[in-house]
Amino acid sequence: MKDVLVTCPPMLGQIGRFMDYAAERGLKLHPAKVTQTLSEDELKALLPQYDGWIIGDDPATRSVFETAKAGRLTAAVKWGIGVDNVDFAACKALGIPIINTPMMFGAEVADVATAFVIGLARELFLIDRGVRAGNWPKPAGISLPGRRAGVVGLGDIGRNAVTRLQALGLKVVAYDPGVEGDAGIPGLERAAWPEAVEDLDFLVFTCALNKHNFHMLDAGVLARCKPGIRIVNVARGPLIDEAALVAALQSGHVHSAALDVFEVEPLPMDSPLRSMERCIFGTHNGSNTIDGVIRASHTAIDRLAGFLNSGQAA
């Protein structure tokens, strides 16, 4: 039986479901005690004891892998889609087979993005807070048909988000240099970032994070945006310069934002974002449905078992 450390919070939330499934494939799962991520030092202390690692959003750096490789670690799987926290080049150099679990949560994360768009348009969460505080607020929202939304990223999540927003009557323009044409979605407009941000009522981030798009939404781009724009991020926090976003929210240039992800997670208690009343915040939880977690966790276990038992991904 191979020992496997699990540090992915959604999988940990249902870990009991996967123990027998893993055991049938020769793996014994060991759940880590973690809220969002473990630190490099914590990982270095733990990983040498394990044969495999199912990674969450932890700092899976070269240093971490070197320490783990000096112990028992021989393979890893990045649970979920995003891989910006994992040094794949280091794994290749160290001879550690690794893979992620793509195409798992397009619908689930797009559902959250769509809910955020509706929530910001009608200020539903502000109303909820008001009622809970003993008030009876009736803010006037905006109607969605005919409004324009920009979707950044045309991967699995982005394509699902586009079709959902179109179904609500929004006109959608997509930004993704890696995808040509309309991606098979009738009526989809295309632009090169940050063209046409002046015309957008909503800006929705669904793309992966890389060295080219860090802080792609900065003070300069925000200044170009239409006054009153609403911003949604269900991708990665560092796509947005949070300090610039806070300034734009404080000035009223940005009407509101819905953020499931942040530059630092969990969101620090002293973050000025916490004082932005009209904003909606999540806990990097967009993919976390019972069904999606089962699907991704089974895939992660199968692929890790393939590495550990035969040297090949399942």
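Look up a bit, the structure's there.
Participant: Looking at this structure, I do not really get the overall build of the protein. What am I missing?
Facilitator: A tally of helices and strands in the protein yields 11 helices and 12 strands. Taking 2.2 N^0.38 as the reference for a compact globule, 314 residues should give roughly 20 Å; the C-alpha atoms of the protein span a radius of gyration of 21 Å, in line with that estimate. Its C-alpha atoms give the protein principal-axis dimensions of about 60 × 50 × 35 Å. Looking at the protein as a whole, 50% of its 314 residues qualify as buried. When contacts within the protein are restricted to residue pairs at least 6 apart in sequence, those whose partners lie at least 24 apart make up 62%. Of the accessible surface of the protein, which amounts to about 13,900 Å², a share of 54% is contributed by carbon and sulfur atoms. On the protein, the mean spot of the 30 positive side-chain charges and the mean spot of the 35 negative ones are 3 Å from each other.

Participant: Please explain the packing of helix α6 (residues 106-122) against helix α7 (residues 124-132) as it appears in this structure.
Facilitator: Describing two packed helices takes the angle between their axes plus the distance from one axis to the other. Running from amino to carboxyl end, α6 crosses α7 at an angle of 65 degrees, the nearest separation of the two axes being 6 Å. Touching I118, G119 and R122 of α6 are L124, F125 and I127, all from α7. Classifying every residue of the contact of α6 with α7 by side-chain character gives 4 nonpolar, 1 polar and 1 charged.

Participant: Looking at this model, I keep getting lost on the pairing of strand β3 (residues 52-55). Mind explaining?
Facilitator: On a regular strand, each side chain points to the face opposite its neighbour's, so the side chains alternate between the two faces of the sheet. Every second residue of β3 is oriented toward a common face, with G52 and I54 on one face and W53 and I55 on the other, all of them buried. Two strands pair when backbone bridges link them, and strand β1 (residues 2-6) and β3 are joined in this way by 3 bridges, in the parallel orientation. What sits directly across from V6, in β3, is I54. Sheet analysis places β3 next to strand β4 (residues 75-78), joined by 4 bridges and oriented parallel.

Participant: Sorry if this is basic, but what is going on with the environment of H284 here?
Facilitator: When you line up the elements, H284 lands in the loop between β12 (280-281) and α11 (290-310). Along the chain, H284 and I301 lie 17 residues apart, while their C-alpha atoms are 22 Å from each other. Sequence-distant contacts of H284, defined by excluding residues within four places in its chain, comprise Q36, D57, R236, D260, V261 and E265. Side-chain polar atoms of H284 contact the side chain of E265, separated by 2.8 Å.

Participant: Is there a simple way to explain the packing of α6 against helix α8 (residues 156-167) in this structure?
Facilitator: The interhelical angle for the contact between α6 and α8, taken along N-to-C directions, is 45 degrees, at an axis separation of 8 Å. Relative to α8, the element α6 is oriented oblique. When the axes of α6 and α8 are compared, the crossing they make is right-handed. Across the interface between the two elements, G106, A107, V109, A110, D111, T114 and V117 from α6 touch D156, I157, N160, A161, R164 and L165 from α8. The residue makeup of the contact of α6 with α8, split by class, is 7 nonpolar, 3 polar and 3 charged.

Rules of the game
Residues numbered from 1 in each chain as written. Predicted model: local features only at pLDDT ≥ 70, side-chain atom pairs only at ≥ 80, totals over all residues. Heavy atoms only, no water. Helix = DSSP H or I, 4+ residues; strand = E, 2+ residues; numbered from the N terminus. Rg over C-alpha atoms; globule rule 2.2 N^0.38 Å. Buried < 20%, exposed > 50% of the residue type's maximum accessible area, 1.4 Å probe, protein only. Contact = heavy atoms within 4.5 Å. Areas by Shrake-Rupley, 256 points an atom, 1.4 Å probe, with all protein chains shown as cover. Lys, Arg positive; Asp, Glu negative; His and termini not counted. Charge placed at Lys NZ, Arg CZ, Asp CG, Glu CD. Axes fitted to C-alpha atoms, helices over the stretch in contact; angles between N-to-C directions. Nonpolar A, V, L, I, M, F, W, Y, C, P; charged D, E, K, R; others polar. Pairing = 2+ DSSP bridges. Polar contact = N/O pair within 3.5 Å; in protein donor to acceptor, adjacent residues only side chain to side chain. Parallel < 35°, antiparallel > 145°, perpendicular 65-115°, else oblique. Left-handed = near helix turned anticlockwise from the far one by under 90°.

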